[in-house]
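# Overview (structure and organization)
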Amino acid sequence: MDKTQQDALKKAAGIEAAKLIENGMIAGLGTGSTVRFLVDELGRRVQEEGLTFTGVTTSRRTQEQAEGYGIKIVDIDDVDHIDVTIDGADEVDQNFNSIKGGGAALLWEKIVATNSNKIVWIVDESKVVDTIGKFPLPVEVIPFGAGHVIKRFEDRGYQPTLRMAEDGKPVRTDENNYVVDLHLELIDHPQDLAEDLINTVGVVEHGLFLNMVDTVIVGDPHGPRVMTNSNK
Ligand SMILES: O=C[C@H](O)[C@H](O)[C@H](O)COP(=O)(O)O
């Protein structure tokens, strides 16, 4: 699949998911290239159809895009609930285990998701996999002592790399932390890995989102299809 085809599938999933947002809702808005299409469509509905809703965003990038359309964005601590959060994902398997954080927004994404009544992801079909792990697993790490955390990951065979920006400096998250990507290829025991990572001092959060999502809208050449998680 080339990028144009992939973008068309992302866009179709984003437009489909935008239908879930109704007047008066509080909606979590994710991050990434697929979510950009979602926010474009929500912006169109706000401007052309008079849709009114309140957004909580998972990154400054999404906040800027949404506010550009006149969408009202508030701080997560200014709302007592989030009706639904729509976000992207990097990989998702049939058990609804997923990797997120390719865009370095995993920490705020997990906080927003954890506080949402319903979680929906939008992906193109290339991201639905048998077993997660081919996509490098992002881990958000405090800069102080990050070298030692990376060494620990090396010792455990996780094949870590510090994510670098184009300017040659480490990528910084919205919380000013680093991102370490683990090149694992196959994650057979995601729960064990998640526990190991979160119990490593210096790790703030990891990109394993295990059985959190309710619905995945998959951009498919035959039209968006829905995967529903009945085991959550
Ligand atoms: O940190 C970024 C997020 O987890 C994204 O939702 C994820 O990387 C998918 O992004 P995209 O839609 O650009 O593939």
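Residues numbered from 1 in each chain as written. Predicted model: local features only at pLDDT ≥ 70, side-chain atom pairs only at ≥ 80, totals over all residues.

The chain goes by Ribose-5-phosphate isomerase A in an unreviewed UniProt entry, where it is assigned to Bombiscardovia nodaiensis. Under Subunit (unreviewed entry), UniProt gives the following word-for-word description of the chain: "Homodimer." (UniProt positions renumbered as here; feature names shortened; annotations may be inferred.)

## Quick look at the nonpolar core
Grouped together as the largest cluster of nonpolar side chains are 56 residues, with contacts concentrated most on A13, A17, L38, W121, I122, V123 and V180. Looking at which domains feed residues into this core, each of domain 1 (3-129 + 211-222) and domain 2 (137-204) supplies at least three. (Core = buried A, V, L, I, M, F, W, Y, C linked by C-beta atoms within 7 Å. Buried ≥ 20, exposed ≤ 12 C-beta atoms within 10 Å, placed from the backbone. Domains from an automatic or database assignment.)

## Considering helix α6 (residues 190-198)
Within α6, burial applies to P190, L193 and L197. Projected down its long axis, α6 shows its buried positions confined to an angular sector of 60°, all on one face. Structural note: α6 exposes Q191 and D192 on the side pointing more than 90 degrees away from its buried face. Contacts made by the buried residues of α6 are with β6 (97-99), β8 (137-141), β11 (203-206) and β12 (208-210). (Helix = DSSP H or I, 4+ residues; strand = E, 2+ residues; numbered from the N terminus. Arc of directions from axis to C-beta. Contact = placed C-beta atoms within 7 Å.)

## Observations concerning the pairing of strand β1 (residues 26-29)
Burial along β1 is two-sided: the face carrying I26 and G28 and the face carrying A27 and L29 are both buried. As paired elements, β1 and strand β2 (residues 54-57) share four bridges and run parallel to each other. Residue pairing for β2: I26 is matched across the bridge by T54. Taking the sense of rotation as the criterion, the β-α-β connection linking β1, helix α2 (residues 33-49) and β2 turns out right-handed. The sheet contact formed by β1 and strand β4 (residues 84-87) spans three bridges and is parallel. (Pairing = 2+ DSSP bridges. Right-handed = clockwise from strand over helix to strand, strands pointing away.)

## Brief notes about helix α1 (residues 3-18)
If you check α1, its first and last C-alpha atoms are 22 Å apart, about what 16 residues at 1.5 Å a residue would give, namely 22 Å. Those residues of α1 lying buried are L9, K10, K11, A12, A13, G14, E16, A17 and A18. On its buried face, α1 sits against α2, β4, β7 (119-124) and β13 (215-219). (Expected span 1.5 Å × (residues − 1).)

## Quick word on the domain arrangement of the chain
Looking at the assigned domains, one finds that the chain contains domain 1 (3-129 + 211-222) and domain 2 (137-204). Taken together, the contact between domain 1 and domain 2 spans 11 residues of the former and 10 residues of the latter. Only β6 and α4 (106-114) provide two or more residues apiece to the side of domain 1 that touches domain 2. In the side of domain 1 that touches domain 2, the residues fall into six nonpolar, four polar and one charged. (Nonpolar A, V, L, I, M, F, W, Y, C, P; charged D, E, K, R; others polar.)

## Comments concerning the pairing of β13
The buried fraction of β13 is high, at four of five residues. As judged from the five bridges shared by β7 and β13, these two strands associate in the parallel manner. Note on β13: the bridge partner recorded for D124 is G219. Bridging between β13 and strand β14 (residues 225-228) involves four bridges; their strand directions are antiparallel. Looking at β14, one finds that I217 is bridged to V226. In sequence, β13 turns back onto β14 through a hairpin of five residues, with G223 there showing a positive phi of about 120°.

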